[in-house]
Amino acid sequence: MKMMINGKYVDAKNGATIDIVNSATQEHIDTVPAATEDDVNAAIEAAKEGAKTWGATPQYKRSEILFKCAEAIEKNVEELARSLSTEMGKVISEALPEVACSAQIFRGFAEMANHLYGQVMPEFQKGSETDIIFTKREPLGVVACITPFNYPVELCYHKVAASLAMGNTVIIKPASDNPLTVMKVAKLCWEAGVPGNVLQLVTGSGASIGKILSTSKDIDAISLTGSTEVGVQVAELAAKTLKHLHLELGGNDPLVIFEDADMDLAVDETVYGRLKNAGQTCCSPKRFIVHSSIAEEYTKKVIEKLKTIKTGCPLDKATELGSLINPRAAEDVKKQVEHTLSQGAKCVYGGKLYDKTYFEPTVLTGVTKDMDIAVDLEVFGPVFPIITFDTFDEAVEIANNTIYGLQGGVITKDVSKAIRAASQIRVGGIVINGSGNYRNIDQPFGGMKMSGLGREGVCCTLQEMTQVKSYIMKNIMV
């Protein structure tokens, strides 16, 4: 596939390409261009020009186009889902709802943009009685959307749809491992009426393209979902030009299971919360903080449930656990498990890497609250470290003992205890009687601490993609 710059499908200026492979089988699928600096700058120049007309396009016309984008996605949902499943190993039963959700996202932002109101200031200050002051939200300009591999379609178009709805132009930089489905949706957007200089898409090295976008004086905002390490690098580079930043970064999310928890619910939320997307989810539970009085029974039942999980070909509708994104990612999970074992934990189930990109569901016991995996070691794979506690305060302490604060979960039959725990655990969102692996397109999704800056969702992203301008009509009432 080719990049999308200024209304044309183009190769890299030097002809360089990147191979895209099937994550599950490692078979070659396609190639995409490896963009040069000139390619990226061409996209920036086109987006600058597009911003002049797109921002001036009436809101209803922009929304009409976004509705057409949603319709195009829905017409092609099966094909897009198969593409997504093939290139990244996401099981088809999860790929289908992700693609369908992206159509909802386009509609949601278009509808919200149609009813995003300004304000009129009151005549409270003496001397302003004859003035009228009102506000309007205006586009930021050019928004760079740097998107991850794990939910490539959904997370990309959260950024793109919100940006376009408010009159910004966008430059998409998809993940290098699996850009194809994002590119296919972008093509549908062009065909639905998004102008060629309003939506650009460049492929290639995240480090080199990210640096160009982060330092360019012509990029007004960056919306990035990725690792905390990359987010910090982007923030440092972007600070020199005071860009608007939205960063959704890493997490080591806690799932706290109290002694009175519904055991079957706790086990289901543990297993399915962690195994979704093969454990490659920022907000999936990654630390299982379990009351010591039920830890033995809980561990036994988690293992029993894991034994029923079907692994295999991601395109098989019966498959529940697919592959990791690439062999390097699988090796990283293996090393993290081995590191945790070297610190004194025990592997009581799973623990093996096979077929290059598949990793067995792995249960680790004897994990203490000071081990790396219990603090800041984010494992992007199907690994279940079980950490025990004895008191409420100890559970909260363990949950908060991390640089991250994305989401979390609390399971207990005591509603008062649940709310008290939820109020004390420092995360951007917490699920009561469920794992933190939850996202509604309307909610303000995002984290505290090193898990990011800002919030993303239909209820709030339009504000983040605009700036408020005050219009002061002085002495107009004289």
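**Q** Any chance you could break down the overall build of the chain for me, citing the residues and the numbers?
**A** Helix and strand content of the chain: 14 helices and 23 strands. The C-alpha extent of the chain, read off along each of the three principal axes, is 75 × 65 × 40 Å. For the chain, with 478 residues in total, the buried portion stands at 55%. Pairs at least 24 apart in sequence give 72% of the contacts found in the chain among residues at least 6 apart. For the chain, the exposed surface amounts to about 19700 Å²; the carbon and sulfur share of it is 53%. Computing the positive centroid from 49 side-chain charges and the negative centroid from 59, the chain places the two 4 Å apart.

**Q** Describe the pattern of salt bridges, naming the residues involved and giving the relevant values.
**A** Applying the stated rule across the entire model yields 16 salt bridges. Here E74 makes a salt bridge to R107, at a shortest N to O gap of 2.8 Å. Pair noted here: E74 is in helix 2 (residues 59–75) and R107 is in helix 4 (residues 92–113), with a separation of 33 residues, a long-range link. E74 sits in the partly exposed class, given a relative accessible area of 39%. Residue R107 is classed as partly exposed on the basis of its relative accessible area of 24%. Here the residues in one salt-bridge network are E45, K48, K217 and D218, joined through shared partners.

**Q** Describe the nonpolar core, and please don't skip the residues or the numbers.
**A** Among the nonpolar cores identified, the biggest contains 66 residues, and F106, Y157, V160, L164 and L199 are the most heavily contacted of them. When contributions to this core are tallied by element, the ones reaching two or more residues are helix 2, helix 3 (77–88), helix 4, strand 6 (142–146), helix 5 (152–165), strand 7 (169–173), helix 6 (180–192) and strand 8 (199–201). Considering every element that reaches this core, the biggest residue donor is helix 4, with ten residues. Apart from the residues within four sequence positions on either side, F106 is in contact with L66, C69, A70, I73, Y157, A161 and C189. Membership of the second largest hydrophobic core comes to 52 residues, among which are L324, V337, M371 and A418.

**Q** Talk me through helix 2; I want residue IDs and the actual numbers.
**A** With 17 residues, helix 2 should reach 24 Å at 1.5 Å per residue; the first-to-last C-alpha distance of 25 Å fits that figure. Here helix 2 has its buried residues at R62, S63, I65, L66, C69, A70, A72 and I73. Close packing links the buried residues of helix 2 with helix 1 (37–54), helix 3, helix 4, helix 5 and helix 6.

**Q** Talk me through the pairing of strand 17 (residues 383–389); I want residue IDs and the actual numbers.
**A** Burial analysis of strand 17 places six of its seven residues in the buried class, which makes it a mostly covered element. By the bridge criterion, four bridges tie strand 12 (residues 285–291) to strand 17 in an arrangement that is parallel. From the neighbouring strand, I289 faces strand 17, where its bridge partner is I387.

**Q** Could you give an account of unusual backbone geometry, naming the residues involved and the relevant values?
**A** Located in the positive-phi region is D355, a residue other than glycine, with phi close to 50 degrees. A relative accessible area of 56% means that D355 is categorised as exposed. Not every positive phi belongs to a glycine, and N475 is a case in point at roughly 55 degrees. For N475, the location among the structural elements is in the segment after strand 23 (466–473).

**Q** Give a detailed account of the sheet that holds strand 11 (residues 253–257), specifying residues and quantitative values.
**A** Across the sheet, seven strands lie side by side as 13-16-17-12-11-19-20; this open sheet has mixed pairing. The open sheet has two free edges, formed respectively by strand 13 (346–349) and strand 20 (429–432), since each of these has just one partner strand. Between one strand and the next, the sheet's axes are offset by a mean angle of 25 degrees, whatever the strand orientation. Here strand 11 pairs with strand 12 via five bridges, running parallel. What sits directly across from D253, in strand 12, is P285. Sitting on the sheet, helix 11 (residues 327–342) touches strand 13, strand 16 (362–367) and strand 17, and the angle it makes with strand 16 is about 25 degrees.

**Q** Break down the environment of K334 for me, with residues and values.
**A** With respect to the secondary-structure elements, K334 resides in helix 11. Residue K334 is classed as partly exposed on the basis of its relative accessible area of 32%. Once the C-alpha coordinates of K334 and V232 are considered, the two residues, 102 residues apart in sequence, prove to be 26 Å apart. The residues touching K334, leaving out its near neighbours within four places in the chain, are L353 and F359.

**Q** Could you give me a rundown of the packing of aromatic side chains, with the residues and numbers involved?
**A** Under the criterion given, the structure shown has eight aromatic pairs. Geometrically, the ring pair formed by F258 and F389 is edge-to-face, given 5.6 Å between the ring centres and 85 degrees between the ring planes. In this pair, F258 is assigned in the loop between strand 11 and helix 9 (263–275) and F389 in strand 17, connecting sequence segments 131 residues apart. Across the pair, F389 and F258 agree in class, each one buried. Directly above the ring of Y151 sits K90, whose terminal nitrogen or CZ lies 3.9 Å from the centroid. R420 extends its terminal NZ or CZ atom over the ring of F392, reaching a point 4.0 Å from the ring centre.

Cut-offs and rules
Residues numbered from 1 in each chain as written. Predicted model: local features only at pLDDT ≥ 70, side-chain atom pairs only at ≥ 80, totals over all residues. Heavy atoms only, no water. Helix = DSSP H or I, 4+ residues; strand = E, 2+ residues; numbered from the N terminus. Buried < 20%, exposed > 50% of the residue type's maximum accessible area, 1.4 Å probe, protein only. Contact = heavy atoms within 4.5 Å. Areas by Shrake-Rupley, 256 points an atom, 1.4 Å probe, with all protein chains shown as cover. Lys, Arg positive; Asp, Glu negative; His and termini not counted. Charge placed at Lys NZ, Arg CZ, Asp CG, Glu CD. Salt bridge = Lys/Arg side-chain N within 4 Å of Asp/Glu carboxyl O. Core = buried A, V, L, I, M, F, W, Y, C linked by side-chain atoms within 4.5 Å. Expected span 1.5 Å × (residues − 1). Pairing = 2+ DSSP bridges. Axes fitted to C-alpha atoms, helices over the stretch in contact; angles between N-to-C directions. Phe/Tyr/Trp six-rings, centres within 6.5 Å; stacked < 30°, edge-to-face > 60°. Lys NZ or Arg CZ within 6 Å of the ring centre and 35° of its normal.

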